[in-house]
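Fold and geometry: a report
Below are the chains, spelled out letter by letter.
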Amino acid sequence: PATAIEAKFSLPFTVSTAIVHGKITLDHFSPRALCDPLVLGLARKVSYGVDENLSLRQATQGSLRIETQNGRTYSKSSEFPCGHPDNPMSDEAFVSKFTDCAKHSIKKFSKRTLNRIVELILNLEEIKDISELTRYL
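In short, a report on the structure. (Residues numbered from 1 in each chain as written. Predicted model: local features only at pLDDT ≥ 70, side-chain atom pairs only at ≥ 80, totals over all residues. Heavy atoms only, no water.)

**Topic: the layout of surface pockets**
To be explicit about the condition: A 1.4 Å probe that fits but cannot get out identifies a cavity on a 1 Å grid over protein atoms alone, an open set with protein on both sides within 12 Å along at least five of seven lines counts as a pocket, and a residue lines either if it has an atom within 4 Å of a point. Grid points are joined across faces, edges and corners, and a volume is the space filled by probe spheres set on the points. Strands here mean DSSP runs of E at least two residues long; helices mean DSSP runs of H or I at least four residues long; both are numbered from the N terminus. Following the grouping adopted for this structure description, the nonpolar residues are Ala, Val, Leu, Ile, Met, Phe, Trp, Tyr, Cys and Pro, the charged ones are Asp, Glu, Lys and Arg, and the polar ones are all others, Gly among them.
What the largest pocket holds in volume is close to 2,000 Å³. Mapped onto the lining of the largest pocket, the elements with two or more residues apiece are helix H2 (11-21), strand S1 (62-67), strand S2 (73-78) and helix H4 (91-102). The dominant element in the lining of the largest pocket, judged by the number of residues it contributes, is S1, at 6 residues. Partitioned by chemical class, the residues of the lining of the largest pocket number 19 nonpolar, 15 polar and 8 charged. Approximately 180 Å³ is the volume found for the second largest pocket. As for the second largest pocket, its lining consists of Lys23, Ile24, Thr25, Leu26, Phe29, Ser96, Lys97, Asp100 and Cys101. Its residues placed into classes, the lining of the second largest pocket shows 4 nonpolar, 2 polar and 3 charged.

Next up, the structure:
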C-alpha cells in the first residue's frame, strides 16, 4: 500500500503486520512502516477469500489459516471480532488503544489529562454533567 488508508484496508498488509509485530497500532501505518520489508515480504504471501454463503449478520466472522514452509498448518476462527458487542474489549485493551491513538492527536494531551479522560469514559454512567468530559477535548 502507498498510503496509510490503503494499508488499513489491505488484508495482506494488516495480517502480515499482526503476525510480524504481534499487534497493530497507528504507528504501523506510518510512512516508514509502510516500507517494512519483513511485513511487505510476508504480505506478498497472503491470500484471502470471501465466503458468499454468510448472511449480513454473520459478516463479522473470519478465519485464518497459516501454512508454513515445513508443512505445518495453524488455523483460528472468530465468530465475533474483538470490540463486537458479543466480544467486547477489556478495559485494559480499551485504555491501551485509546492512549495509543491519543498520541497521534493534533491536540497533545499530558499523561495526567489522558488518565482523567480515561477515568471519565470508564465511568460515563456516573457523570452528572457531560461537559466535564468535553472540556478536555
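**Some remarks on the environment of Pro37**
Selection criterion: For every residue, the accessible area obtained with a 1.4 Å probe (protein chains only) is divided by the maximum for its type, and the residue is called buried under 20%, exposed over 50%, and partly exposed between those limits.
Position of Pro37 relative to the elements: it lies in helix H3 (residues 37-43). Exposure remark for Pro37: the relative accessible area of 66% places this residue in the exposed category. Note: C-alpha distance between Pro37 and Tyr48 (11 residues apart in sequence) is 21 Å.

That is the geometry; function is a separate question.
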